[in-house]
Every structure is written in C-alpha cells, then in structure tokens.
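# Examination of the molecular architecture
Each chain is listed here by its residues.
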Amino acid sequence: MKNFYDSDFKLGILGGGQLGRMLIQEAINLDVHISVLDPSENCPCAELANSFTLGSFHDYETVYNFGRTVDVLTIEIENVNTDALLALQREGKTIYPKPENLVIIKDKGLQKAFYAEHGIASSDFKLITAKSEITEFPIVQKLRTGGYDGRGVQVLKSAEDLDKAFEEPSVLESLVDIEKELSVIIARNPAGEVKTFPIVELEFNPQANLVEFLFAPAVISDEVEKKSFALAQEVVTALDFVGILAVELFLTKDGEVLVNEVAPRTHNSGHHTIESCHTSQFEQHMRAVLDLPLGNTELISPAVMLNLLGEEGFTGAVKYEGIAEVLARKGVTIHLYGKADTKSYRKMGHVTIVSDTLEDAKDVALQIKKELKVKA
Ligand code: ADP
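So, a few notes on the structure that sits alongside this text. (Residues numbered from 1 in each chain as written. Predicted model: local features only at pLDDT ≥ 70, side-chain atom pairs only at ≥ 80, totals over all residues. Heavy atoms only, no water.)

Let's shift gears to the overall build of the chain. When helices and strands are counted, the chain shows 10 helices and 22 strands. Taken over the C-alpha trace, the chain has a radius of gyration of 20 Å; the compact-globule value for 376 residues is 21 Å, and the two agree within 12%. Each of the three principal axes of the chain carries a C-alpha extent, and together these read 60 × 50 × 45 Å. Here the chain holds 376 residues, and the buried ones make up 52% of them. Here the analysis covers contacts within the chain between residues at least 6 apart in sequence; of these, 62% occur between residues at least 24 apart. Distance between charge centres in the chain, computed from 37 positive and 57 negative side chains, equals 2 Å. (Helix = DSSP H or I, 4+ residues; strand = E, 2+ residues; numbered from the N terminus. Rg over C-alpha atoms; globule rule 2.2 N^0.38 Å. Buried < 20%, exposed > 50% of the residue type's maximum accessible area, 1.4 Å probe, protein only. Contact = heavy atoms within 4.5 Å. Lys, Arg positive; Asp, Glu negative; His and termini not counted. Charge placed at Lys NZ, Arg CZ, Asp CG, Glu CD.)

See below:
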C-alpha cells in the first residue's frame, strides 16, 4: 500500500468546486497530490489541482476511468455516479466516504428512511411520487435527489400552494417549529477514531433559503449540546462512516433536537474552522480518508462566517465591491472561490471573522455584509 507522501500517490476528488479548492489548500501542507474530476473547465479547482480531468461525475465510464487513476478516492459533492464507485470498490479501490453511504445520503427519501429504521430522531415524513398525493398542510416538500442550497425544498402552506409543488418523487416532512438550526461536523477515520467540532448555529437568508451567517460556538444549553453530539455520534455509528460528516440539526421550540439531514463531506457550516480551530474541516477530512490520526478540534476563538452570495439581480462576470475596506479590518479573512461569473445568491466566497467575543465578531460581520458586495 502506498503512502500519501510517496511521489506517485494520488488522492482523487469527484467535484472541483470550492470545497475541493479549500481541500487543496490543506493538501499542500502535507504534500498530497490531488487529482480532480469536474465537468467545468473553469471550476474553482481547475487551475489548482495537480491534475485535472474534464468530465461528468454523473457518468459511469468517466467516474470509473478516473477512479482507476488514483489511490484513494473521495468526493466534494454527493450526487455522483455511485454504481461506478461500487464497481471500483469491488475491485479493491479505497473510497471514502463509502459508496454505500453515498447511495443513502444522496437520496433524501432513503436518508429519512434510514433515520426511521435506526431510531434516529428526525421529523415525521412520507414518500410520494406525484403531487396529487399531497393532502395535508402546512407541509415541507423536498425533491428526493438533485436539490441543493435550498433549491428543491419548499414549504406548502395550503392547497393554494399546490401550483408550485414539485411533480417529481419527493419527501413530505412535517413542518418543524424551529428555534435554531445547528450543525455538528464530525469526523471518523477507518481505525474508528471519532472527533467532533464545536456545535455551530446557522442563520438563513429568508429569500434564498440558504445559510447566510454562521456563529461558532452555538449559544445553547449543556443539555442541547449533549443531545446534539449524541445524535451526530449515532448517525456516524449507524452508517459506519469514514470521512467528514456534517450533521444538520433542528432545535425545536420544545427543546427537542432532530436530525434534518447530513452531508457526507466538508460543509459550509465548517468553513470557520480554517481560522478558528486547531485543525480545519478540510485537513480533518484528508486525515480521515488517508487513515491518519484526527486533529484537535477545539475552538481557538469565537468566529462568525458570512457567505458571500451574488447580489440579487446581477448576472455575469463578477465584480467585488468593498474588498479593500474589509481587508483593513482586524481578525477578518476573505475566501474567494475563483468563480468567474455571478448570479443571484450564488455562493461566490465567504468571510470569516474571529474575535475575543462572539458579539464583537457579529458586529463586524454585520458591517461587512453592508460593505462587501458581489455584483456583475
Ligand atoms: P438543502 O439540502 O437544499 O440544504 P434542507 O433539507 O437542508 O435542504 O432544507 C433547507 C432549509 O429548509 C433548512 O435549513 C430549513 O431552514 C428548512 N427546512 C427543511 N426541512 C424543514 C422542516 N421539516 N421543517 C421546517 N423547515 C425545514
């Protein structure tokens, strides 16, 4: 078995977006060769990967052939051709997270069924194949596959909303009365070592239904913290998971903690770890899939992360406004993902603000939201 520092060792990533790009930043320190497969020749990883293959991660042959060229294969997007991964695994290829896990997680319906089977707390649900089966309101409808960043999820308040309901196979979930949205990033390596990052709190942009601010640490009771860690641990154990798993949770108004969904990869809710924790989620993912000891996950300082979303109504070649003002501030790090074009609410980058107190970091984040704009 090759070692990751052998000159011909290759870690392959399916997907060349910002998550892959931030993984490459960490791979440089350990001198890990990264090969990337992505369908876009100007994706965020294209110019940075040690080797880049242009092609679709949905296509069996493309994924299979790419997998043959690397020693360990991982992902930065779950919606990939899992049949090709299962075939590669049968031939002895090391693939983390395991393809069996991806089969379940990339389908929101199978994911909910998995929680029910394993007694993992999650909202009540029903699987449907056509919108004629929707009879109760209010209800949350989620496309089983292909949705992301809030696209493919909608609340149907009453029968009047049936016009906008999806016709495709979907999950109907009870509408949870949410007090807070939390996330636990948990890592496990093949040796079975498990480490969790401190729990964070997410605030959503109401128009786009995607994360706008992240606060670390979450302001929650010890009891909620304990329940959240326990749930994350239950999911990782039930899946026999290897890699980083982002466990998105709802804290309900009644103080219950429910699993919303999980992502089998590095996640937007862990970006602050680059500046605010001893080990970033990207380094942790690499350590996990390369079967190395996991790093310390303690928070060095409170942090706020602000997603840089394309301004509504601007489409085309990106122009950033306010970069110099933001760079002049203390404790602030800008991450631009290298996407040439912006569109409404596209994730173009993020900013992390570290400070002695969470309150301070929040004040600065609110200022930055006003001064830094993503336009075209
Ligand atoms: P995505 O995979 O696109 O991020 P999610 O399933 O995480 O989709 O849903 C996006 C957001 O929609 C959640 O973060 C939450 O704000 C809201 N949401 C999802 N499910 C429910 C639910 N059952 N009850 C209330 N709100 C929900």
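Pairs of packed helices are described in terms of their axes, by the angle between the two and the distance that separates them. At a minimum axis distance of 8 Å, the contact between helix α1 (residues 18–30) and helix α8 (residues 281–289) shows a crossing angle of 70°. When the interaxial angle is binned, α1 and α8 end up roughly perpendicular. Helix-helix and strand crossings are classified by hand; for α1 and α8 the assignment is right-handed. Of α8, the residues touching α1 (which contributes Leu19, Met22, Leu23, Glu26, Ala27 and Leu30) are Phe282, Glu283, His285 and Met286. Split by residue class, the contact of α1 with α8 holds 7 nonpolar, 1 polar and 2 charged. (Axes fitted to C-alpha atoms, helices over the stretch in contact; angles between N-to-C directions. Parallel < 35°, antiparallel > 145°, perpendicular 65-115°, else oblique. Left-handed = near helix turned anticlockwise from the far one by under 90°. Nonpolar A, V, L, I, M, F, W, Y, C, P; charged D, E, K, R; others polar.)

Counted residue by residue, α8 has 8 buried out of 9 residues, so it is predominantly covered. Trailing α8 by a residue or two, Asp291 shows a phi angle of about 60°, which is positive.

Close to the ligand lie 19 residues, the nearest being Lys108, Lys142, Gly150, Glu181 and Glu261. Between Ser174 and the ligand, the recorded distance is 3.0 Å, taken from a backbone N or O atom to a nitrogen atom. Between the ligand and Glu181 there is a distance of 2.4 Å, counted from an oxygen atom to a side-chain nitrogen or oxygen. When isolated, the ligand has an accessible area of 550 Å², and the protein chains bury 90% of it. Of all elements in the fold, only β7 (139–143), β10 (178–188), β14 (243–252) and β15 (257–263) reach the threshold of two or more residues within the shell around the ligand. Looking at the shell around the ligand residue by residue, the class counts come to 8 nonpolar, 4 polar and 7 charged. (Near = heavy atom within 4 Å. Polar contact = N/O pair within 3.5 Å; in protein donor to acceptor, adjacent residues only side chain to side chain. Areas by Shrake-Rupley, 256 points an atom, 1.4 Å probe, with all protein chains shown as cover.)

Topologically, Glu248 is positioned in strand β14. Although Glu248 lies buried, it forms no salt bridge, and the closest oppositely charged side chain, Arg265, sits 6.4 Å away as judged by the N-O distance. Setting aside its immediate chain neighbours within four residues, Glu248 contacts Leu182, Leu258, Val259, Asn260, Glu261 and His267. (Salt bridge = Lys/Arg side-chain N within 4 Å of Asp/Glu carboxyl O.)

Here we come to the nonpolar core. By size, the foremost hydrophobic cluster in this structure holds 25 residues, and its most contacted members are Leu11, Val32, Ile34 and Leu290. The set of elements that each furnish at least two residues to this core consists of β1 (11–14), α1, β2 (34–38) and α8. Broken down by element, the residue count for this core peaks at 5 residues, all from α1. If we ignore the near neighbours within four places in the chain, the residues touching Ile34 are Leu11, Ile13, Leu23, Ile24, Ala27, Ala49, Asn50 and Ser51. Ranked by size, the runner-up nonpolar core spans 23 residues in total, among them Leu182, Val236, Val259 and Val262. (Core = buried A, V, L, I, M, F, W, Y, C linked by side-chain atoms within 4.5 Å.)

Time to look at the sheet that holds strand β4 (residues 72–75). Working definition: the strands of a sheet are paired by backbone hydrogen bonds and lie parallel or antiparallel to each other. Pairing in this open sheet of 5 strands is parallel, and the strands run β3-β2-β1-β4-β5 from one edge to the other. Strand pairing shows two members of the sheet lacking a second neighbour, β3 (51–54) and β5 (94–95), which therefore form its edges. In this sheet, β2 lies alongside β1 in parallel orientation, the contact comprising 4 bridges. Bridge pairing in β2 links Leu14 to Leu37. Lying on the sheet, α1 is in contact with β1 and β2; it crosses β2 at an angle near 170°. (Pairing = 2+ DSSP bridges.)

Next up on the list: unusual backbone geometry. Cis geometry marks the peptide bond from Phe137 to Pro138, where omega comes out at -10°. Tracing the backbone through its elements, the reader meets Pro138 in the loop between β6 (125–128) and β7. Of note, the bond from Ala216 into Pro217 is cis; its omega dihedral lies within 30 degrees of zero at 5°. With respect to the secondary-structure elements, Pro217 resides in the loop between β13 (210–216) and α6 (222–239). The residue Asp31 is not glycine, and still its phi comes out positive at about 55°. Relative to the helices and strands, Asp31 resides in the loop between α1 and β2. A positive phi is found at Tyr345, a non-glycine position, where the angle reads about 65°. Assignment of secondary structure puts Tyr345 in the loop between β20 (341–342) and β21 (347–354). Owing to a relative accessible area of 15%, Tyr345 belongs among the buried residues under this scheme.

In a structure, side chains of opposite charge can pair up when their charged atoms sit close to one another. Scanning the entire structure with this criterion turns up 18 salt bridges. In this structure, Glu311 engages Lys373 in a salt bridge whose closest nitrogen and oxygen atoms are separated by 3.8 Å. Of this pair, Glu311 sits in the loop between β16 (303–309) and β17 (316–317) while Lys373 sits in strand β22 (residues 373–375), placing them 62 residues apart in sequence. Judged by relative accessible area, Glu311 falls into the partly exposed class, the value being 24%. Overall, Lys373 belongs to the partly exposed group, its relative accessible area being 22%. Taken together, the shared-partner salt bridges in this structure form one network comprising Lys2, Asp8 and Asp71.

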